[in-house]
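# Structure at a glance
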Amino acid sequence: MKSRSLMSSSSLQNGLQRRGGTKWPVVDGREMWTLLATLPAYLAVWIVRAEIAWYPAYVWMLCIATTLTIVFVSKWFSRLSNTSESAERADIPRIVVIVAAIPWIVHFAYRWVQYSNAWNFQGEPLEILVLASLQNMTLAMALISRTAKNRRLTITMGFFLMLFAVVISSHNWVYPVALLYGVMAIWWLMGDHWERLQDGFVGQTRTSSLPMRGGVLVATLLLIGLAASVAVLVAPERVGLSGFLPTSGGKSWADPSARSGVGDGDMLVGARDNASSFGPVESDLFIEDKQPSLYDMISELDGLPPKKKKSEAAVGIDSKVGKTNHEKLATSEASSREFSTVRQAPKYDRKKLADKDSPSLIYYSGPVPQRLAVETFDQFDGVTWTNNETRNASSQNDTSVVYSPVIESAMPSTQLISRSGKPWIYFRHPKREQPTTVAPKTDPPIPHPNWSSAIKIIRFVSTRIPTPDALRCLHIDRIDRPEFFDWTQDGVVKMVDREQVPALTTIRLEAKQRDLHDLRKSEYFESIALSSSDATDVNGLVNQQPTPNETIVNATRQIVAGLPRGWEQIEAIEETLKQEFILDSQAVTPDDSSDPVEHFLKTKRGPAYLFATTAAMMVRSLGHESRLANGFYIDRDSFDVASGQHLIGKKQLHWWPQVSIDGSNWISIEPTPGYSSPPEQWTLFQRAQWAWNVAARWVRNHPWLLMGCMFGLAIAYRKRIFLVDCVLTTAVFFVGRLSIERRVAWSLWLMDKRAELAGCPRPPSKTQRQWFQRMQFRTIISDSRNSDSRSQPTASDSMRYVLNAQDELLYSPCRDGSSKKLIRFQDLETLQQSLLTLNKLWTVQAMRSANMPQQNDAPKLKRTHEYAPDYASIH
Amino acid sequence: MNTLQTMPQSIESDSQYKLAIDAISRLRGNLNRTLLGKQSVVEMVIACLLSKGHLLFDDLPGLGKTTLAKSLVASIGGELSRVQCTPDLLPSDITGFSILNQKTREFEFRPGPVFADVLLADEINRATPRTQSALFEAMAERQVTVDGVSHRLSKTFMVIATQNPVESHGAYPLPEAQLDRFAIKLQVGYPDRQSELELLESQIGVAGDRVVSLETCFEEIDLHAIQEMVSKVAVELPVREYLVNLCAATRTHKAVALGLSPRGLMIWQRMAQANAFLNLRGFTIPDDVQTVAGPVLELRLTGSFDDPKATIEQIFDSVAVPH
């Protein structure tokens, strides 16, 4: 008595009453206590997993999902079979295997997603996955263990998890959890101890649980001998934990997902050459490189006066950083996989290292699809695009016409802002002068969520920095002076006073996310339209454009027919070009053609730049400003799985048009088939609105189809039981084709399911014989239907016959040790006919019409001696 | 449509089995003719006989308990002895006693009524506990020890005891230890209307005792052989587990003070085997377990419940049938 009170107040009664109780799902006090003692350990491992993850929020989401899955799996599977000890023995391996597989499935699913998008989650290191499997198994065991042996095993597993978590984690939360675990576990141990004592007092003789069989003994000795010989014969350094824990100094094998531990995981090393990290500045590689660098300015600034022609703008850095070895260092232009070898080698043989080459121009890490503009052109004379810069260069008059005042005022200003100790250069778009007559209700669409990405310059020789639309700010480590950056006259960021952006420079970019929602509102467009018609005088760009010729205007008119003036028209142009034209890089315009656009409109086939040009011209014919952009288009095809970033080369060159509604914000559109714009940022409300509009349009266009669907659904709902029954019957028909034994089992399973569908599910404590015989006692399941033909068994006969066969399968002893067969059955033919009759006559409808009472108000089954077997059938 | 006819696993000859089935059919017919409209009671009686158990009738007088016992004995073809239990009945009145033979000057054993194939102990709860205890050894071990000498009883020895639940005045209720030695407790209950009409009709023109006219059933095959056949009916692991689960459930049920003992569990299994045999099956199924559960458990479960049937029902509802 006293011992029980230790467990918990509620378990006192429970424990006494349910001693050895087996009823599911009532949880025994001891089982509940085991679960409570396991939960802190389970939680602690999640803390560890969240701690080492890049994105803890994902891990916690994963935690909730995994926990729910485990609970579901455990309960579902242990509910399927009964609660006896042998059933538990059968359940545990099944459930444990399933839950242990969960982390691996998640891991590989994420890896698979990674192929398409390297953005978020990199999976988990191997040892954490193993631990996660153990963690899941522990929780599942705690949920399903009914026997004392398994409960003890569960607690031991939980102890290991907790120990692991406490040792490996430095997170503050681990300690309170560990404390909680300590309290729980001690309480559990006390309970377990008393329980053992009590069991001992009952006076059951305990047999030794370790059978000392000769074979076991020999096998154990062999194993020990093997381990000892390995330890002695093989050199200790080879035994080690070579590659066992990739994050902890394993040497022969690196896990790409490792990101912390005693040794550096790949991801940590990768920070040096990964575009998303702060690049080579933080290593000594860059400083010692012979290539012109931003950073070796120490001598140039302080020592010799820089040579005018050769000097390049750079930043001075602390001499401590520069005071490193003066031997040749490797530069890595390759992606990060190879980098780990670079990391280790300098200690031993630096000279053998070869520089790693890469054919790429740029590495990119960030969301895709994305377009990075390098150059834009705003003037088109029907054949050739030009921009201010090229025009100025051709005019040979550098100083006089550098910037027209209008354009200069439209260029964003630069500003330095320090963010967490790092210098960021912000670009502020000047507010465009608004006409006084009409003030737009809203500001120009500048959405706030930023989309950050990073590029690493490899072989890209230019002062221009490839940038996405609506660039907000950029960052190069230790470049803390805004005057390093300026805008080219065609509206691209460049570095001032340099021959090129130095190779291996990592640039972080933040752009505003694409948001066209406001543009799609007609009222916004109306206000802008008014102002832009006024602005044609002010804006030199538009004035200089030649008016698009008749062909383009007509083609545009056809496309936008019926659409209100606004962004919808531009989208219609995009869509039409994408749908009706074919991208073909070989289909160039013939030399004698004077109007490539017209030729393109005629042949409906051409390379990307013709798509872009045509779209730009069409947009112009609608009265909006447009220009042609040239740069890189990045999508999942350029993704390099090994390094987890995009490798950008010549293949990624692309042309696309940009549209400006208000004169200062350029919005890229994408008319080329096979290419797409970056996804838009939508609020939930916007999304709902859009979905509503699309749905409404669809309904307007397909009323009959919708009605048909609704009608079908209504019918399906009305006949749902029939449909489910059909599906089940078909399934049983196919599954049961294998053997007569399976057909019997599956047919009776089908009967159970049908009874459920008919609203009278068989309770687990009733045998099928009782339940279905009751049913047939209460009603006549259309025996009359086939009473004429003697050869066919009746419904009740067939049920009895099949039940007998099942009893034979389930409960009769195996004669010769082989699997059970119904060969002893006298008449297999009759059995097969019975199965057919069973499936045909015992339908859901028949069972429903039987008006079977619910489980509760059913009269007591004939379980006691009032039960009279059907002896008529015997005699 | 035939029911399955599968022999018990280790019965050597088919003919033996057929003889046994025939014998049981005849026995069933005899008993049903004697006790009208009580097929289920008759089944249980036969099952009890086949499982070598002892039978306790717990019912009102005049319901045919003694008639049933008599016709059972007549059908078996054995010897019936009857003891009317009264408070002054002595143990030696049951077991027998030794008496000094004046001629030989030696003690001679005079066997008591217990040396018979069937002992009918009427109103057993009227005998003193001392006398009741005299039956212990006979029921459990099928032998009696008088003056230090053990005497074997008949191989098919069976005790059929009756007790009257109504008149408790001057009665000694059977202790749990003794109750546990019976296999089952049966209530005969009133016959239905149709059976009573038939009963009256059958009595017209009959002057003597009906039972006498019954034919013996076990001439061609020994009852003991059939009992051995029953003991060989297979009980596979799922069914055994089911039995153990049910047994555990009786011990954990709230209202039950004293659950099923291991001896009770063994008897339960044997009864289930007998029921399977009676249903011409060579193996036991959960239905058998449930069918015989009432008589087996009602005898043994004690506690604070009014309706033993409802309690048994609850116990069964808490345990899933094996599949």
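Here the structure is shown first, and the text comes after it.
Conventions adopted
Residues numbered from 1 in each chain as written. Chains lettered and ligands numbered in written order. Predicted model: local features only at pLDDT ≥ 70, side-chain atom pairs only at ≥ 80, totals over all residues. Heavy atoms only, no water. Helix = DSSP H or I, 4+ residues; strand = E, 2+ residues; numbered from the N terminus. Buried < 20%, exposed > 50% of the residue type's maximum accessible area, 1.4 Å probe, protein only. Contact = heavy atoms within 4.5 Å. Areas by Shrake-Rupley, 256 points an atom, 1.4 Å probe, with all protein chains shown as cover. Pairing = 2+ DSSP bridges. Axes fitted to C-alpha atoms, helices over the stretch in contact; angles between N-to-C directions. Salt bridge = Lys/Arg side-chain N within 4 Å of Asp/Glu carboxyl O. Core = buried A, V, L, I, M, F, W, Y, C linked by side-chain atoms within 4.5 Å. Patch = residues over 30% accessible without salt bridge, like charges linked within 9 Å, V, L, I, M, F, W, Y side chains within 5 Å. Lys, Arg positive; Asp, Glu negative; His and termini not counted. Charge placed at Lys NZ, Arg CZ, Asp CG, Glu CD. Polar contact = N/O pair within 3.5 Å; in protein donor to acceptor, adjacent residues only side chain to side chain. Phe/Tyr/Trp six-rings, centres within 6.5 Å; stacked < 30°, edge-to-face > 60°. Lys NZ or Arg CZ within 6 Å of the ring centre and 35° of its normal.

### Topic: the overall build of chain B
Helices and strands together make up the secondary structure of chain B, namely 12 helices and 11 strands. For chain B, the residues scored as buried account for 55% of the 323 residues in total. Of the contacts formed within chain B by residues at least 6 apart in sequence, a portion of 75% connects residues at least 24 apart. Accessible surface, chain B as shown: approximately 13800 Å² in total, 52% of it carbon and sulfur.

### Section: the sheet that holds strand 2 (residues 80-84) of chain B
All names here are of chain B. Pairing in this open sheet of 5 strands is parallel, and the strands run 2-5-8-1-9 from one edge to the other. Looking at which strands have only one partner, the edges of the open sheet turn out to be strand 2 and strand 9 (184-186). Across the sheet, the mean angle separating the axes of adjacent strands is 20 degrees when strand polarity is ignored. Of the pairings in the sheet, the one linking strand 2 to strand 5 (residues 118-122) comprises 5 bridges and is parallel in character. For Leu-80, the partnering residue across the bridge sits in strand 5 and is Val-118. Here helix 3 (residues 65-76) sits on the sheet in contact with strand 1 (55-58), strand 2, strand 5 and strand 8 (158-163), set at roughly 170 degrees to strand 5.

### Regarding the sheet that holds strand 18 (residues 666-668) of chain A
All names here are of chain A. Across the sheet, which stays open at both edges, the 4 strands sit in the order 2-14-17-18 with antiparallel pairing between neighbours. Edge positions in the open sheet fall to strand 2 (370-377) and strand 18, since each of these has one partner strand only. Each neighbouring strand pair of the sheet contributes to a mean axis angle of 40 degrees, computed without reference to strand direction. The sheet contact formed by strand 17 (residues 653-660) and strand 18 spans 3 bridges and is antiparallel. Looking at strand 18, one finds that Gln-658 is bridged to Ser-668. Seen against the sheet, helix 24 (residues 608-621) touches strand 14 (625-634) and strand 17 and runs at an angle of roughly 5 degrees to strand 17.

### Here's the deal with the pattern of salt bridges
When the charged atoms of two side chains with opposite charge come close together, those side chains can pair. Residue and element names in this part refer to chain A. For the coordinates displayed, the defined rule picks out 23 salt bridges over all chains. Asp-725 is paired through a salt bridge with Arg-754; the nearest N and O atoms lie 2.8 Å apart. Remark: Arg-754 occurs in helix 28 (residues 740-757) and Asp-725 occurs in helix 27 (residues 720-735); sequence separation between them is 29 residues. In terms of burial, Asp-725 and Arg-754 fall into one category: buried.

### Here we look at the environment of Leu-372 of chain A
All names here are of chain A. Assignment of secondary structure puts Leu-372 in strand 2. You can call Leu-372 buried: its relative accessible area is 0%. Discounting chain neighbours no more than four positions away, the residues touching Leu-372 are Tyr-364, Ile-455, Pro-466, Thr-467, Pro-468, Asn-630, Gly-631, Phe-632, Ile-634 and Trp-656.

### Thoughts on the nonpolar core
Counting 77 residues, the largest nonpolar core has Leu-50, Trp-268 and Phe-277 of chain B as the members making the most contacts within it. Of all hydrophobic cores here, the second largest spans 32 residues; its members include Ile-573, Leu-601, Leu-610 and Val-619 of chain A.

### With respect to a negative patch on the surface
Residue and element names in this part refer to chain B. A surface patch of negative charge is lined by Asp-192, Glu-196, Glu-198 and Glu-201. As for its placement among the helices and strands, Glu-198 is situated in helix 7 (residues 193-203). Under the relative-accessibility criterion, Glu-198 is labelled partly exposed at 37%.

### Considerations on the environment of Thr-131 of chain B
Residues and elements named next belong to chain B. By secondary structure assignment, the location of Thr-131 is in helix 5 (residues 129-141). Apart from residues no more than four positions distant in its own chain, Thr-131 is found in contact with Leu-89, Leu-90, Pro-91 and Ile-94. A polar side-chain atom of Thr-131 sits 2.6 Å from the main-chain carbonyl oxygen of Leu-89.

### So, the environment of Asp-180 of chain B
Residue and element names in this part refer to chain B. You can see Asp-180 is positioned in the loop between helix 6 (176-179) and strand 9. Filtering out sequence-adjacent residues up to four positions away, Asp-180 remains in contact with Ser-261, Arg-263, Gly-264, Ile-267 and Arg-300. There is a polar contact of 2.8 Å between the side chain of Asp-180 and the side chain of Ser-261.

### Re the side chain of Thr-250 of chain B
With respect to the helices and strands, the residue Thr-250 of chain B is situated in helix 9 (residues 237-252). At 2.5 Å, the side chain of Thr-250 of chain B and the backbone oxygen of Cys-247 of chain B are in polar contact.

### Looking at the packing of aromatic side chains
All names here are of chain A. Scanning the model with the defined rule gives 15 aromatic pairs over all chains in all. Consider the rings of Trp-33 and Trp-187, whose centres lie 6.5 Å apart with planes at 50 degrees: the pair is tilted. Taken together, the positions of Trp-33 in helix 3 (residues 29-51) and Trp-187 in helix 8 (residues 174-202) put the pair 154 residues apart, joining distant regions of the chain. Owing to a relative accessible area of 16%, Trp-33 belongs among the buried residues under this scheme. A centroid spacing of 5.3 Å and a plane angle of 80 degrees characterise the contact between Phe-427 and Trp-487, whose relative ring orientation is edge-to-face. Here Phe-427, found in strand 6 (residues 422-428), pairs with Trp-487, found in strand 9 (residues 485-487); they are 60 residues apart in sequence, far enough to count as distant. On the accessibility criterion, Phe-427 (2% relative accessible area) is buried. Members of the aromatic cluster, each reached through a chain of ring pairs, are Phe-377, Tyr-609 and Trp-655. The ring of Trp-666 carries Arg-627 above its face, with NZ or CZ at 4.1 Å from the centroid. Across from the ring centre of Tyr-717, 4.4 Å away, lies the NZ or CZ of Arg-720, which sits over that ring.

### Focus on unusual backbone geometry
All names here are of chain B. Positioned with a positive phi, Arg-142 is a non-glycine residue whose angle comes to about 55 degrees. Relative to the assigned elements, Arg-142 resides in the loop between helix 5 and strand 6 (143-146). Assessed through its relative accessible area of 12%, Arg-142 is described here as buried. Despite not being glycine, Leu-280 has its phi angle at roughly 60 degrees, a positive value. Among the structural elements, Leu-280 can be located in the loop between helix 10 (262-278) and helix 11 (286-300). For Leu-280, a relative accessible area of 7% corresponds to the buried category.

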